[in-house]
Amino acid sequence: MAALMLSVFTVSLGFGIVLPSLPFLLERLFGASGDATQVSRATGLLTALYTLSLFLFAPVWGWLSDRFGRRLILIIGLVGFSATMLTFAFIDGLGAIYTERFLSGMFAAAVTPIALATIGDIAATEAARARRLMFVSLAGITGFSWDLCLAYSCRAG
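The structure displayed is predicted, hence computed values, not measured ones. (Residues numbered from 1 in each chain as written. Predicted model: local features only at pLDDT ≥ 70, side-chain atom pairs only at ≥ 80, totals over all residues. Heavy atoms only, no water.)

(A) Here's a closer look at the environment of glutamate 27. Among the structural elements, glutamate 27 can be located in helix H1 (residues 2-30). In this structure, the C-alpha to C-alpha distance between glutamate 27 and serine 53, residues 26 residues apart in sequence, is 24 Å. (Helix = DSSP H or I, 4+ residues; strand = E, 2+ residues; numbered from the N terminus.)

So this is what it looks like as structure tokens:
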């Protein structure tokens, strides 16, 4: 249970780390030719691309986890997500950002839905399942919220 919660927390934290920094990265890449409208549009498109990738790949990872096992798919998702997050630090082009966000969403789709499916597999009763699903959901919300709080408090200080 702790491993599932940590996995979901990590993916949510990773998403939360990138989100506030996207506009600044895009401003740097667009340079003097970029205006607020262009940066806002690209930020929205990148966020939508991440979510679309999650939506498209969650059923694929679900099918693969049914076939090859939940643990293997969770590990692939975490390793892939970690790799995409590491590459984000070295991105130097707009196309690379779009590719990273797509791949990041694809690998994130192998973590959160599979963690929830694993809980469905291991919970003995409906009450235990509900409690465990709540804890995993809280881990995701905490990861996202905690990171945004840190990001905005660092700028204020």
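(B) Structural detail: helix H2 (residues 36-68). Compared with the 48 Å implied by 1.5 Å per residue over 33 residues, the 46 Å span of H2 between its first and last C-alpha is a close match. Within H2, the axis deviates most sharply at phenylalanine 57, by approximately 35 degrees, and proline proline 59 lies no more than four positions further along. Those residues of H2 that fall on the buried side of the exposure criterion are Val39, Ala42, Thr43, Leu46, Leu49, Tyr50, Ser53, Trp61, Gly62 and Ser65. (Expected span 1.5 Å × (residues − 1). Bend = angle between axes of the 7 residues up to and from the residue. Buried < 20%, exposed > 50% of the residue type's maximum accessible area, 1.4 Å probe, protein only.)

(C) Quick look at helix H5 (residues 112-122). Residues of H5 that are buried: Ile114, Ala115, Thr118 and Ile119. The buried side chains of H5 occupy one side of the element, clustering within an arc of 150 degrees when seen end-on. (Arc of directions from axis to C-beta.)

(D) Geometry of a nonpolar patch on the surface. Residues Met1, Met134, Phe135, Leu138 and Ile141 make up a contiguous nonpolar surface patch of roughly 430 Å² in combined accessible area. Considering the arrangement of structural elements, one finds methionine 1 in the segment before H1. (Patch = residues over 30% accessible without salt bridge, like charges linked within 9 Å, V, L, I, M, F, W, Y side chains within 5 Å. Areas by Shrake-Rupley, 256 points an atom, 1.4 Å probe, with all protein chains shown as cover. Salt bridge = Lys/Arg side-chain N within 4 Å of Asp/Glu carboxyl O.)

(E) Structural view of the environment of alanine 117. As for its placement among the helices and strands, alanine 117 is situated in helix H5. Separated by 52 residues in the primary sequence, alanine 117 and serine 65 have C-alpha atoms spaced 9.2 Å apart.

(F) Expanded view of the side chain of serine 53. Take serine 53: it is sitting in helix H2. With near-sequence residues (within four places) excluded, serine 53 lies in contact with Phe102, Gly105, Met106 and Ala109. (Contact = heavy atoms within 4.5 Å.)

(G) Representation of the nonpolar core within the structure. If you look at the biggest cluster of nonpolar residues, it comprises 31 residues, and the most contacted ones within it are Leu26, Trp61, Phe81 and Ile97. Among the secondary structure elements, those contributing two or more residues to this core are H1, H2, helix H3 (70-88), helix H4 (94-108) and H5. Ranked by the residues each element gives to this core, the list is headed by H1, at nine residues. Those residues in contact with tryptophan 61 that lie beyond four places of it in its chain are Ile73, Ile76, Met106, Phe107, Ala109, Ala110 and Ile114. (Core = buried A, V, L, I, M, F, W, Y, C linked by side-chain atoms within 4.5 Å.)

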